[in-house]
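Take a look at the letters that make up each chain.
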Amino acid sequence: MNKLLVLILVILNSCSVNKSQVSYSREDLKVRTFNYFWNTALPSNYQIPDRYPTLTFSSIAATGFGLTSYIAGIENKYITRDQGAERVLSTLKVLWQLPQGNQIENVSGYKGFFYHFLTLDKASRFKQVELSSIDTGLLMAGILACMSYFDLQDSQTETEIRTLADSLFKRVEWDWMMKANGAMSMGWHPEKGFIDSEWVGYNEAMILIIMAMGSPTHPIGDGAWSKWCSTYVNDTFYQQKNVQFDPLFGHQYSHIWLDFRGIRDSFMRAHNDDYFANSLKATLANRAYCIANPSNWVGYSENQWGLTACDGPIHKKINVNGTERQFFDYRARGAASIQVVDDGTIAPTAAGGSFPFTPKESEACLAYMWDHHYENLVGEYGFKDAFNLTYVNADHPKGWFDPDYLGIDQGPIFLQIVNHESELIWKIMKKNPYIIKGLKRAGFKGGWLDKK
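Before going into details, it helps to say that this report is about the structure given with it. (Residues numbered from 1 in each chain as written. Predicted model: local features only at pLDDT ≥ 70, side-chain atom pairs only at ≥ 80, totals over all residues. Heavy atoms only, no water.)

### Some thoughts on the overall build of the chain
When helices and strands are counted, the chain shows 17 helices and 24 strands. Relative to the globule expectation of 22 Å for 452 residues, the C-alpha radius of gyration of the chain, 21 Å, shows essentially globular dimensions. Taken over the C-alpha atoms alone, the chain extends approximately 60 × 50 × 45 Å along its principal axes. Expressed as a percentage of the 452 residues in the chain, the buried residues total 62%. For the chain, the exposed surface amounts to about 17100 Å²; the carbon and sulfur share of it is 50%. Separation between the mean location of the 43 positive side-chain charges and that of the 47 negative ones in the chain comes to 4 Å. (Helix = DSSP H or I, 4+ residues; strand = E, 2+ residues; numbered from the N terminus. Rg over C-alpha atoms; globule rule 2.2 N^0.38 Å. Buried < 20%, exposed > 50% of the residue type's maximum accessible area, 1.4 Å probe, protein only. Areas by Shrake-Rupley, 256 points an atom, 1.4 Å probe, with all protein chains shown as cover. Lys, Arg positive; Asp, Glu negative; His and termini not counted. Charge placed at Lys NZ, Arg CZ, Asp CG, Glu CD.)

### Some thoughts on empty space enclosed by the protein
Within this structure, the stated rule accounts for two cavities of 30 Å³ or more. As a volume, the largest cavity reaches approximately 60 Å³. Around the largest cavity, the lining residues are Phe237, Asn242, Gln244, Phe245, Asp246, Leu248, His251, Ala282, Ala285, Ala335 and Ala336. Of the residues assigned to the lining of the largest cavity, the class counts are seven nonpolar, three polar and one charged. What the second largest cavity holds in volume is close to 30 Å³. Lining the second largest cavity we find Met178, Gly182, Ala183, Met184, Trp199, Ile209, Ala224, Lys227 and Trp228. Class assignment of the residues belonging to the lining of the second largest cavity gives a composition of seven nonpolar, one polar and one charged. (1 Å grid on protein atoms, 1.4 Å probe; cavity = no way out; pocket = protein on both sides within 12 Å on 5 of 7 lines; lining within 4 Å. Points joined across faces, edges and corners; volume = space filled by probe spheres on them. Nonpolar A, V, L, I, M, F, W, Y, C, P; charged D, E, K, R; others polar.)

### Looking at the pattern of salt bridges
This model, assessed by the stated rule, comprises 23 salt bridges. Here aspartate 151 ties to arginine 81 by a salt bridge, and the two come within 3.5 Å at their closest N and O atoms. Separated by 70 residues along the polypeptide, aspartate 151 in the loop between helix 5 (133-149) and helix 6 (156-171) and arginine 81 in helix 4 (residues 81-97) bring together distant segments of the chain. You can call aspartate 151 partly exposed: its relative accessible area is 34%. (Salt bridge = Lys/Arg side-chain N within 4 Å of Asp/Glu carboxyl O.)

### Things to note about the layout of surface pockets
One number sums up the size of the largest pocket: a volume of about 550 Å³. Lining the largest pocket are 28 residues, with His116, Asp135, Glu204, Tyr330 and Ile408 positioned closest to its centre. Sorting the residues of the lining of the largest pocket by element identifies helix 5 and strand 16 (331-332) as the ones contributing at least two each. Considering every element that reaches the lining of the largest pocket, the biggest residue donor is helix 5, with three residues. For the lining of the largest pocket, the class distribution of residues is 17 nonpolar, four polar and seven charged.

Here it is, written out as C-alpha cells:
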C-alpha cells in the first residue's frame, strides 16, 4: 500500500475519532503524533506548547522535538520538503531574534541558552523559570538535525536554515555553564546564579555533554566525559545488568538523535557493552518490574507497562480499598536498583520512546493501550500523556486519564518509531561535524564513528 493511500485512510479514520473506535495502526499513531507539532506550533512565534489542549507556556525542549519531527514528517510524506523548510526557517528566525540578556524579565535567554519555558505570546521567560542547560541541549539537538538535513545548496531557504542553525549553536556558551568541579550546572537564575544541581551520569543529558564537547566556539574541557561517567551505578535489576537510571526517558532522549550501536566510550569498552544495549536492558527491566507489579497496581501486565516522567492524577495520599496509596501529579516515575518511584501511572511514551530497543514489546504495548482505552486515552494527536487505573472515584469511574498531550512525551513516540523504521534521525546526525567531534572528544570509538 503506498504512503498516499495510507495517509488518506488515516485522515478518514481521524475524522471519526469522536464517533467510533479506530483500531491501532502504527501509521495512524505516527500521523497523529506528528500533527501535535505541526498543528499546535504557536502561530506568532512557532514555539511548541508544553502541553495541549491546556495551554500554559511553550517548551524549548518540545520545540527541539518539533524541529526534528518536521524532518521526519517530510520523509514520511506528511508534508512537502518546502513546507517543512519554511516552518523550520520561521522557527529558527524567531529563536535567533528573541532577546538575550541577564535581565529578570522580557528576555528569552542568555549567553545562547534559553529559558526552560517561554510565554505563549512573546516567547519570553515564563515567571521565574531557570535558564536550562538540558532543555537548551534538546533544542540544539533539533537545530543540528535541521542543519544537517536541509543541505540543498541551490535553495535560498535551506541555505538560510544552515546558517541560522550554525549561528544558534555557536552562540551557546557551554563553558560558562560549567562548575569549578568540572560538571555542568543544570541551570541558572538571574536572581540567584547557578543551580547547585549538576549533570553527572547516567541520565538524559548524554547528548548535552557531547554537543558541548563538540562546540567550535565554547567547548567544555577534556575531562567532562570522565566526570560524567564517574557516578555511574552499574547494577542488576530484574535480571538485567546495566547502568542504572529509573525513568525510561533518561534511556531514550539522547538515543533519538544519536546511534550508539557499536560505538563505545572507555566505560563501555571496559564492560564490553554499548549504550544502545544498555537502554534495551533498562527497558526490559522496567517492563519486567511492571509485570511483577510488587505494589499491586491495577492494570499492569506484559502488554501494559512503562514508567517514566509524566503527568499523574494528584499529589496526595489516598486510602484505596483499605490501603494507603501515594499518588503524584507530574513526576519522574521509574524503576531501577537505585530507586523505584511508582504510583500506578503508565505513560505511553515509555513504550513508544523505547521502540528501537524493544520493537516487539513496545508495539504490543501501544496496540493494547490504544485498543483497550481508546475512548479515554487516544485523541486527534495520538496518545494522551498518561493514565492510572488504580485512581478511581466518582469523577474517574474508569480510572484517571490525562486530558493533555505533552510535547516532550509526544516527540519520543514519533521519532523513535521513525528511527526503528528507517534510522532517519540517526543517519542525519552522523553527518553533523559537531556531533562527530563531541563523540570523539568523549572517547567514543568503533562502528560507524571509525569511518568519519
